[in-house]
Amino acid sequence: MNRINVTRSSMPDFEEYCEEIRSLWDSRWLTNMGEKHRILQIRLGEYLGVDNVNLVNNGHMSLETAIQAFDLKGEIITTPFTFASTVHAIVRSGCEPVFCDIEPETYTIDVSHIEKLITEKTCAIMPVHIYGNVCDIDKIQEIADRHGLKVIYDAAHTFGVKYRGRSTAAYGDAACFSFHATKVFHTIEGGAVCFKDKEYSKRLELIRNFGIQDEDTVSCIGLNAKMNEFSAAMGLCNLRHIEEKIAARKKAYDRYISNLKDVEGLKLNYVMADVESNYAYFPILVDKELFGAGRDEIKEKLAEYGIGSRKYFYPPVNEYECYKDRFDSDDTPVARDISRKVLTLPLYANLTDTEVDMISEIIMSLRIK
Ligand SMILES: *Cc1c(COP(=O)(O)O)cnc(C)c1O
């Protein structure tokens, strides 16, 4: 039997990619904002319905360069239920993360806790859209406006997701995307920052290219966060097929739902009202007492059959080796509880019905009889 990994990268046909990169052999322009880069920025702007899309070399750099573009200093409120990147970006930028707990249904920032965490040092909120669930955008904006804070969304999970008919790229002062090979849309490695205001795009253009303004002027302390042409070409190919890939994911997602719904001790994640999902992940929350087996037992059993699953996100960031002396996960009990129960199951465009059924059956075989 073939292994089933937790994800499998979407790829265009080999010929389509070869055709896309052919011109690079004539131009010999391989990176530094070439033709593919230029066109991909335009196409993404059209697809996402936003004006200021700025490509970078990975999702992590989208967060760091956005923080630098806003020249943020001080405390940034975020959540511990996220990928390492979100918090590392804050710390590596010289800012202080302040952890807010999450909401138990959507796993996104619990807006009822934000205001009590705001101090005179707070400069921004960095909420994370999780799995395809969207944060409470209206409430976050209202709080940010009241306190004069920037909002930078970590939107790495929500490429193609719409909230009230608009892409998540359109909300906040900036929305940061990852185009890593494992994401719904990818450029092998890559990412983008979408700014509300054009002036920040200008700054980001400088930052991502060492701060070089022109031949004689280096005007800020930038770095190298440029997307290369081969990545941009992969993005152009993948973008042509994005709708069919999301539809194929939905098919697998729906089948999991029908197989696993109403099982005592398993909590599934449903698409929120007002949200068009991208079906990026299929997380289940396992209640050991009610189900009969815990999250880790399910993971091990699946592994025996060559099926990958991921404790995503575990541990919560405030329990990481590198942070645990500075923070306490007691402060965010919901995030801690969910990270101990969550398991994401395999989900990708070509996962078959038979595979989804087999995975579901293996899980159900562990249930209390
Ligand atoms: C993938 C991801 C990132 C980092 O993106 P890379 O492209 O891997 O650098 C950041 N935040 C979240 C929530 C992610 O899922």
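These remarks concern the structure in this document.

Reading the values: rules and limits
Residues numbered from 1 in each chain as written. Predicted model: local features only at pLDDT ≥ 70, side-chain atom pairs only at ≥ 80, totals over all residues. Heavy atoms only, no water. Core = buried A, V, L, I, M, F, W, Y, C linked by side-chain atoms within 4.5 Å. Buried < 20%, exposed > 50% of the residue type's maximum accessible area, 1.4 Å probe, protein only. Helix = DSSP H or I, 4+ residues; strand = E, 2+ residues; numbered from the N terminus. Contact = heavy atoms within 4.5 Å. Pairing = 2+ DSSP bridges. Axes fitted to C-alpha atoms, helices over the stretch in contact; angles between N-to-C directions. Parallel < 35°, antiparallel > 145°, perpendicular 65-115°, else oblique. Left-handed = near helix turned anticlockwise from the far one by under 90°. Nonpolar A, V, L, I, M, F, W, Y, C, P; charged D, E, K, R; others polar. Near = heavy atom within 4 Å. Polar contact = N/O pair within 3.5 Å; in protein donor to acceptor, adjacent residues only side chain to side chain. Areas by Shrake-Rupley, 256 points an atom, 1.4 Å probe, with all protein chains shown as cover.

Some remarks on the nonpolar core
In step 1: In terms of nonpolar packing, the biggest core is built from 85 residues, with F81, I114 and F282 touching the most fellow members.
In step 2: When residues of this core are assigned to their parent elements, the largest contribution, 7 residues, is made by helix α10 (residues 242-260).
In step 3: Setting aside its immediate chain neighbours within four residues, I114 contacts I77, C100, I109, I125, I140 and I143.
In step 4: One finds F70, A124, V193 and I207 within the second-largest nonpolar core, a separate group that totals 24 residues.

Re the sheet that holds strand β1 (residues 52-56)
In step 1: Here we have 7 strands laid out as an open sheet, ordered β1-β9-β8-β5-β4-β2-β3, and mixed in their pairing. At either margin of the open sheet sits one strand with a lone partner, and together these are β1 and β3 (96-99). Mean inter-strand twist for the sheet, computed between neighbouring axes without regard to direction, equals 25°.
In step 2: Two strands pair when backbone bridges link them, and strand β2 (residues 75-78) and strand β4 (residues 122-125) are joined in this way by 3 bridges, in the parallel orientation. Across the sheet, I77 pairs through a bridge with I125, a residue of β4.
In step 3: Contacting β1 and β9 (191-195), helix α3 (residues 35-48) crosses the sheet at an angle of about 135° to β1.
In step 4: The sheet strands contacting helix α4 (residues 59-69) are β1, β2, β5 (150-154), β8 (174-178) and β9, and the helix crosses β9 at an angle near 30°.

Considerations on the packing of helix α12 (residues 295-304) against helix α14 (residues 353-364)
In step 1: Two elements in contact, α12 and α14, have axes separated by 10 Å at closest approach and are oriented at 130°. With respect to α14, the axis of α12 lies oblique. Our pair here, α12 against α14, has a crossing hand that is right-handed. When α12 is examined against α14, the residues I298, K301 and L302 are found in contact with a partner set consisting of I359, I362 and I363.
In step 2: Residue classes in the contact of α12 with α14 are distributed as 5 nonpolar, no polar and 1 charged.

Re the site of the ligand
In step 1: Residues in contact with the ligand amount to 16 residues; listed here are only the nearest, G59, H60, D154, S178 and K183.
In step 2: H157 places a polar side-chain atom, nitrogen or oxygen, 3.1 Å from an oxygen atom of the ligand.
In step 3: One of the side-chain N or O atoms of S178 is found 2.7 Å from an oxygen atom in the ligand.
In step 4: Relative to its unbound accessible surface of 380 Å², the ligand loses 92% to contact with the protein.
In step 5: Among the elements of the structure, α4 and α5 (84-92) are those that each provide at least two residues to the shell around the ligand.
In step 6: For the shell around the ligand, a count of residues per class yields 4 nonpolar, 10 polar and 2 charged.

Considering the pairing of strand β15 (residues 342-345)
In step 1: Because side chains alternate across β15, one face comprises the buried residues V342 and T344, and the other comprises L343 and L345, equally buried.
In step 2: As paired strands, strand β14 (residues 282-286) and β15 are joined by 4 bridges and run antiparallel to one another. Counted as the bridge partner of I284 is L343 from β15.

Quick look at the side chain of H186
In step 1: Among the secondary structure elements, H186 is positioned in the loop between β8 and β9.
In step 2: Engagement of the side chain of H186 in a polar contact is seen with the backbone oxygen of S10, the distance being 2.6 Å.
In step 3: Residues in contact with H186, not counting those within four places in the same chain, are S9, S10, F179, H180, A181, M234, G235 and N238.

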